[in-house]
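Spelled out, the chains give:
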Amino acid sequence: MGKVKKTGKRRAKSILSVVFAVLLVVMLVGTGVANHWSVAINTYLSTSNYKVNHGDSSENTDYFKTAYEDEQALADYEKEICQQVEAEGAVLLMNNGALPLASGNQVSLFSHSSVAPVYGGTGSGAVKVTDETPTLLTSLESNSIGVNKALWDFYDTGTGSGTPAAGGWGGQAKVDATGYYRENPDMHAGGAFALNEVPWDVIQAEPGLADTFTTYGDAAVMMISRVGGEGYDLAATPESRTGVKDEGVTNYLELAPDEQEIMSQLKALKDKGVFDKIIVLINTSNAIELDFLNPEICGTDYGIDAALWIGGPGQEGMQSVGDILAGKINPSGKLVDIYCNDNLTSPVMQNMSLDTHYPNGEDFGLDKSQDAYSVYEEGIYVGYRYYETRYEDTVMGTGNTSGYNYASDVAYPFGYGSSYTSFDWSNFKKTENEDSFDFSVTVKNTGDMAGKEVVEMFFQSPYTDYDKSNSIEKASVELCGYAKTSELAPGASETVTINVPKQELRAYDAYGAKTYILDEGDYYFTAGRDSHDAVNNILAAKGYTQENGMDADGQASMASKWHNGALDTTTYAVSSVTGNPITNQFDNADPNLYMAPDTVTYVSRSDWKETFPKGVAELVVDDQLAHDLGINYEPNTSDYTMPKFGEKTGMSLAQMIGLPYDDPSWETLLDSINFDDMSRMVGVTAHQTPAIPSIAKPETKDENGPTGLNQTFFGGKLQAMAYPSAVVMASTFNDDLVQKVGECIGEDGLHTGTSGLYGPATNTHRSPYSGRNYEYYSEDPFNAGKICAAFIRGVQSKGMYTYLKHFALNDYETNREGGSTWTNEQAAREIYLQPFETAVVEGGTNAIMTGLQRIGAIWTGAHNGLCNVVLRSEWGFDGFTLTDYDAGNSFDRGFTSRYMHVATALINGTDSYDAWQDARQKELQDYRDNPEIMSHMRQAAHRILYVVANSAAMNGISKTTTVSYVLTWWQMALIALDVLFAALAVIFGVLAYKERKQGAE
């Protein structure tokens, strides 16, 4: 028996030795993988591999100071600002006297969205709600309005409730939510949209529920919600790549059958006297079709008495929704998108297939990062620019409008917004200055409730023979200024003045002068209440009336004319910022220049009927396109000298604070950095910029947050105040208020040690179906640019740098990884680049995030015309650029490794990669002996360091500060486990060997 026991012990020790050896191998591999992803892990755990040793210094190193040492005081202020944004951004669409509700009213709230509204969007700007987040119920009850609790509980926890699936990145609901809960695709377009609304028969079947309606019958409030997010566009047609699961629905932005049935039943109950009125809350940042608000258009009378657009109200904004409904707040927001009865009537939607691929792409071996494309055939005619221009041409009898009917297409124009009071405008005046105009308007509150009013300035350019012969398009009206009054008491007046630089009147001539021009002819200006009011005012000034087909008589007194005596092709042909020439940079994105003339027919007001898109423009791959889609670095080393690395200069980054970008000291500092540190700073810059011990550069922390600082995108713990969606901010038409939002986010940065913000984003609402419209401001480039610039000024005033994104023409999500955007230069400049230009020139952003898509065949981050010429040479940008998320070599889904090549990127204006892993750093190692690439890498480092040196990241950093590498607790824990398993494997191996040897003896 003794021998058997010894044999068993020997075998157990041998097995344990093998087990621990296997565990050691697993741990070593895991340790290697963890260290490979150390940046991501450190970000999630709020740890760092670098220690800052402050040293002895009497310097004042509080370069940026908080105004709120008391955290609670900051939190209270942010709550106030969040609510004010919603209060001034919500738009009253219709009201027959149903609003405001009276104190003591008893109401019933319908739809599962009433208990689970859309607070923002999904992805990088997701809103994380808490138990303290106001609900529609709590906001109404705080205003002494009773809410049907039985109906609320039915939706919240009862038969009509539902549960979202476990959240993916950004907290978005994945597919297969249980019960009645809104679904949307995951970030990679897996799954589908589904409202999963509670059908009326389920409501009706709930015991005793219908009996409560009479008690809470002062109003039936219906919440209609839609959500969008990163990685996918909304479904518009049955052919959309990401479909809709709700039965009978193909267009996600139309009223669904279950919603129609609820509305019909509410109308029937209203007719029976159960409900006194029906109020609709429109909870979406994407422009939903609003035909259901107009019985003549819809064909069905839903009995709606009032409608309030609330967008995405953010973390605290729902309180303001209740305050508006109760009349505590008078709404003053204006729409920043045109809202249609049928979204599919626009030229954009005729060519917006979300999954268009080159028909012969396979013949050229194109991969998934090369073969998708979108053609912007509509040119400049995006949103109101299309509908208002076609309307004006119909009235004037020009442009072959083919019996166009504006009223059947448009529910509410751009800039529209009603109020609980009324305002009279008078004394419209124009003063011409050398380089600008000043316009003044007196606004008087003629109603019986205090309120704010927005005055919108529009202009119209002449549409000349020169324009027609050179394919220059002109919209009937373009926003060029706005002002918001203070809160005016009944009977009070205020005169607002709006300055309009003459540069706003320029148009881009892509085929003739190939620069900005100012046409000869008459320019009209008008103060309008919205885009349609503006057109009618100008038509009235031209002598047109309703007899000519106008749907309302305009006010000629609110319009003014200015004559430009001659075509000017020189004044605006140079940058007003840098003095550098401006000329075409995007011929390679225009199929008619890049491929062959007449490859694409762009919409033209010279002939609406014949140029209106007939469908998706088919582009065919040829040898040139195939080459450009795969283009990579082509050496040009003769003009470059190999830079120095790792010199002992004694310089530190703190010495550079406040010095100009071109100060000679930067060259000495850059000599101090070794290749490994510099290549890491360029190649591994996801949510941080790395520390560099040799120059005492601290590690920075950069986080998501276009509407508020957060780490929810990848499961982190940081969540500061989440403000209403960007489109709500834009709808305030209040730059000062939005600047305060930015200041608050900057304060959050100071309090959390966050130096950079991945935001704001100012791509264009090209269509209502872009997944990230909640994160982008507007369909109008002027409005978007001004609001974005204000946001940036606020953030950066606190020392936090902003990564303005997604630069540029990244106005869609589906196929964004490598998809090609084709357009003409006039549209690119006037619609899609203008908001970025304003954000750079007036906002002063000091970081830029490029897009994942291509302009023409060239990835945005490698487009020299975009990143070097337009951004830097024309706009004077001296900050640094970062790619959008680079998944190259890390996930099977990532196509970026196939086209986001580091050498090509550095040469053409990219400075750093939003990457966790070191693939790009290793790629740079391949060019270690290449003076051209090394010189561009050094230039990129210069730009990054310049921004960091002048940011709050340097708070506490003096000239005596040092930075050293340390192991984090989790790395030490992994090493300890490696050592433990190694020791155990050796110990049990030795014991087994000894017993085996003793047994043999």
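Shown above is the structure to which this text applies.
The text that follows walks through the structure, step by step, so that each part is easy to find. Remember, it's a predicted structure, so these values are computed and weren't measured experimentally.

## Brief notes about the overall build of the protein
Here is step 1: The number of helices and strands found in the protein is 28 helices and 32 strands.
Here is step 2: For 1001 residues, the compact-globule estimate of 2.2 N^0.38 gives 30 Å, and the C-alpha radius of gyration of the protein, at 30 Å, lies within 12% of that figure.
Here is step 3: In terms of principal-axis extent, the alpha carbons of the protein reach across some 115 × 75 × 65 Å.
Here is step 4: For the protein, with 1001 residues in total, the buried portion stands at 62%.
Here is step 5: Put simply, the protein shows about 35100 Å² of open surface, and 49% of that area lies on carbon and sulfur atoms.
Here is step 6: The averaged location of the 131 negative side-chain charges in the protein is 11 Å from the averaged location of its 70 positive side-chain charges.

## Observations regarding the sheet that holds strand β9 (residues 306-309)
Here is step 1: The strand order β2-β9-β8-β7-β3-β4 describes an open sheet built from 6 strands, whose pairing is mixed. Every interior strand has two partners, whereas the edge strands, β2 (91-95) and β4 (146-147), have only one.
Here is step 2: Where strand β7 (residues 219-225) and strand β8 (residues 278-283) come together, 6 bridges link them in parallel fashion. Each bridged residue has a counterpart across the sheet, and for methionine 222 the counterpart in β8 is valine 280.
Here is step 3: Relative to the sheet, helix α9 (residues 318-325) contacts β7, β8 and β9, its axis offset from that of β8 by approximately 155 degrees.

## Regarding helix α14 (residues 531-541)
In an α-helix, one turn spans 3.6 residues, which is why side chains three or four residues apart end up on the same side.
Here is step 1: For α14, the buried fraction is high: 9 of the 11 residues fall into the buried class.
Here is step 2: Ser531, His532, Ala534, Val535, Asn536, Asn537, Ile538, Leu539 and Ala540 are the residues of α14 that are buried.
Here is step 3: In this structure, the buried residues of α14 make contact with α11 (384-396), α12 (406-409), β15 (454-460), β20 (521-528) and β21 (559-564).
Here is step 4: Regarding α14, its N-cap is aspartate 530, as a side-chain oxygen of that residue lies 3.0 Å from the backbone nitrogen of histidine 532 further along.
Here is step 5: Looking one or two places after α14, you find glycine 543, whose phi comes out positive at around 100 degrees.

## Thoughts on the packing of aromatic side chains
Here is step 1: Counted according to the given criterion, the structure contains 42 aromatic pairs.
Here is step 2: Measuring from centroid to centroid gives 5.7 Å for tyrosine 68 and tyrosine 77, while their planes differ by 25 degrees, and the two rings are stacked.
Here is step 3: Through a chain of ring-to-ring contacts, three or more aromatic side chains come together here, namely Tyr381, Tyr386, Tyr387, Tyr404, Trp608 and Phe612.
Here is step 4: Taking NZ or CZ as reference, arginine 766 lies 3.8 Å from the ring centre of tyrosine 376, over its face.

## A word on the nonpolar core
Here is step 1: If you look at the biggest cluster of nonpolar residues, it comprises 169 residues, and the most contacted ones within it are Leu93, Phe110, Phe213 and Leu325.
Here is step 2: At 8 residues, helix α23 (residues 825-841) tops the list of elements feeding residues into this core.
Here is step 3: Setting aside its immediate chain neighbours within four residues, leucine 93 contacts Ile282, Leu290, Leu293, Ala307, Trp309, Leu335, Tyr412 and Tyr416.
Here is step 4: Formed by 51 residues, the second largest nonpolar core is a distinct cluster that contains Leu653, Phe675, Trp859 and Ala949.

## A word on unusual backbone geometry
Here is step 1: In this structure, the amide linkage connecting lysine 805 to the following residue, histidine 806, adopts the cis form with an omega of -10 degrees.
Here is step 2: Positionally, histidine 806 belongs in strand β25 (residues 801-807).
Here is step 3: Of the consecutive residues phenylalanine 807 and alanine 808, the connecting peptide bond is found in the cis state with omega at -5 degrees.
Here is step 4: Here alanine 808 lies in the loop between β25 and β26 (820-822).
Here is step 5: One non-glycine residue, serine 471, adopts positive backbone phi at about 55 degrees.
Here is step 6: Mapped onto the elements of the fold, serine 471 is located in the loop between α13 (465-469) and β16 (478-484).
Here is step 7: By relative accessible area, which is 46% here, serine 471 ends up partly exposed.
Here is step 8: Not every positive phi belongs to a glycine, and leucine 809 is a case in point at roughly 60 degrees.
Here is step 9: With respect to the helices, strands and loops of the structure, leucine 809 is situated in the loop between β25 and β26.

## Observations concerning the layout of surface pockets
Here is step 1: Size it by volume and the second largest pocket reaches roughly 620 Å³.
Here is step 2: Lining the second largest pocket are 32 residues, and of these Glu699, Lys701, Thr752, Gly753 and Thr754 sit closest to its centre.
Here is step 3: Residue contributions to the lining of the second largest pocket peak at 5 residues, all from helix α21 (residues 735-752).
Here is step 4: Residue composition of the lining of the second largest pocket, by class: 8 nonpolar, 17 polar and 7 charged.

## Re the sheet that holds strand β24 (residues 756-758)
Here is step 1: An order of β22-β23-β24-β25-β27-β30-β31 is seen for the 7 strands of this open sheet, with the pairing classed as mixed. Whereas interior strands pair on both sides, the edge strands pair on one side only; in this sheet they are β22 (688-689) and β31 (912-914).
Here is step 2: Across 2 bridges, the pairing between strand β30 (residues 880-885) and β31 is parallel. Counted as the bridge partner of leucine 882 is serine 912 from β31.

## Quick notes on the environment of lysine 65
Here is step 1: Within the element layout of this structure, lysine 65 appears in the loop between β1 (50-53) and α3 (71-89).
Here is step 2: The class of lysine 65 is exposed, set by a relative accessible area of 54%.

## Here we look at empty space enclosed by the protein
Here is step 1: A complete count under the given rule lists 3 cavities of 30 Å³ or more for this structure.
Here is step 2: Quantified by volume, the largest cavity comes out at close to 180 Å³.

## Examining the pattern of salt bridges
Here is step 1: Inspection of the entire model under this criterion finds 37 salt bridges.
Here is step 2: In this structure, glutamate 775 and arginine 772 form a salt bridge, with 2.8 Å as the shortest nitrogen-oxygen distance.
Here is step 3: Owing to a relative accessible area of 1%, glutamate 775 belongs among the buried residues under this scheme.
Here is step 4: Judged by its relative accessible area of 1%, arginine 772 is buried.

## Concerning the side chain of histidine 532
Here is step 1: Here histidine 532 lies in helix α14.
Here is step 2: Discounting residues that sit within four places of it in the chain, histidine 532 has contacts with Glu388, Tyr391, Tyr406, Pro413 and Asp551.

## Description of the pairing of β7
In summary, the side chains of a regular strand alternate between the two faces of the sheet.
Here is step 1: Of all 7 residues in β7, 7 are buried, a share of seventy percent or more.
Here is step 2: Neither face of β7 is left uncovered, since the one carrying Ala219, Val221, Met223 and Ser225 and the one carrying Ala220, Met222 and Ile224 both have all their residues buried.
Here is step 3: Where strand β3 (residues 106-110) lies against β7, 4 bridges are found, and the strand directions are parallel. Residue pairing in the sheet places serine 108 in a bridge with alanine 220 of β7.

## Notes on the state of the cysteines
Here is step 1: The tally for this structure, following the rule as stated, stands at 0 disulfides.
Here is step 2: Cysteine cysteine 788 shares no disulfide, and the gap to the nearest cysteine sulfur, in cysteine 867, comes to 17 Å.
Here is step 3: On the accessibility criterion, cysteine 788 (0% relative accessible area) is buried.

The rules behind the values
- Counting of residues starts from 1 at the beginning of each chain's written sequence and follows it residue by residue.
- Confidence filtering applies because this is a predicted model: local features only for residues at pLDDT of at least 70, side-chain atom pairs given and counted only at 80 or more, and all residues used for totals across whole chains, interfaces and linings.
- In computing side-chain properties, one takes all heavy atoms of the structure into account and sets aside hydrogens as well as water.
- A run of DSSP states H or I qualifies as a helix once it reaches four residues; a run of E qualifies as a strand once it reaches two. Both are numbered from the N-terminal end.
- Only the C-alpha atoms count toward the radius of gyration. The rule for a globule is 2.2 Å times the residue count to the power 0.38.
- Only protein chains enter the accessibility calculation, which uses a 1.4 Å probe; a residue is then buried when its area is under 20% of its type maximum, exposed when over 50%, and partly exposed in between.
- Each accessible area value is a Shrake-Rupley result obtained with a 1.4 Å probe; residue values ignore everything except the protein chains displayed when judging cover.
- A positive count includes Lys and Arg, and a negative count includes Asp and Glu. His and the chain ends are not counted in either.
- To locate a charge, take NZ of a lysine, CZ of an arginine, CG of an aspartate or CD of a glutamate.
- At least two bridges found by DSSP between two strands are what make those strands a pair.
- Contact criterion: two residues are considered in contact whenever any of their non-hydrogen atoms come within 4.5 Å of each other.
- Here an angle of 0 to 180 degrees is reported between the N-to-C directions of two axes, which are lines fitted to C-alpha atoms, with helices fitted over the stretch in contact.
- Each polar contact in these results corresponds to two N or O atoms within 3.5 Å; when the atoms are within protein, one needs to be able to donate a hydrogen and the other to accept it, and residues that are neighboring in sequence are counted only if both atoms are side-chain atoms.
- Pairing of aromatic rings covers Phe, Tyr and Trp, the last through its six-membered ring, and needs centres within 6.5 Å; plane angles under 30 degrees mean stacked, over 60 mean edge-to-face, and all others mean tilted.
- In this analysis the charged atom, NZ for Lys or CZ for Arg, is taken to sit over a ring once it is within 6 Å of the ring centre and within 35 degrees of the ring normal.
- Joining through side-chain atoms within 4.5 Å is the link that ties buried Ala, Val, Leu, Ile, Met, Phe, Trp, Tyr and Cys residues into a set, and such a set is a nonpolar core.
- As defined here, a cavity is a set of points on a 1 Å grid over the protein atoms alone where a 1.4 Å probe fits but cannot get out. A pocket is an open set with protein on both sides within 12 Å along at least five of seven lines, and residues line them when an atom is within 4 Å of a point.
- Grid points are joined across faces, edges and corners, and a volume is the space filled by probe spheres set on the points.
- Each residue gets one label: Ala, Val, Leu, Ile, Met, Phe, Trp, Tyr, Cys and Pro are nonpolar, Asp, Glu, Lys and Arg are charged, and the others, such as Gly, are polar.
- One side-chain nitrogen of Lys or Arg within 4 Å of one carboxyl oxygen of Asp or Glu is enough to make a salt bridge.
- Whenever a pair of cysteine sulfur atoms sits within 2.5 Å, that pair is classed as a disulfide.

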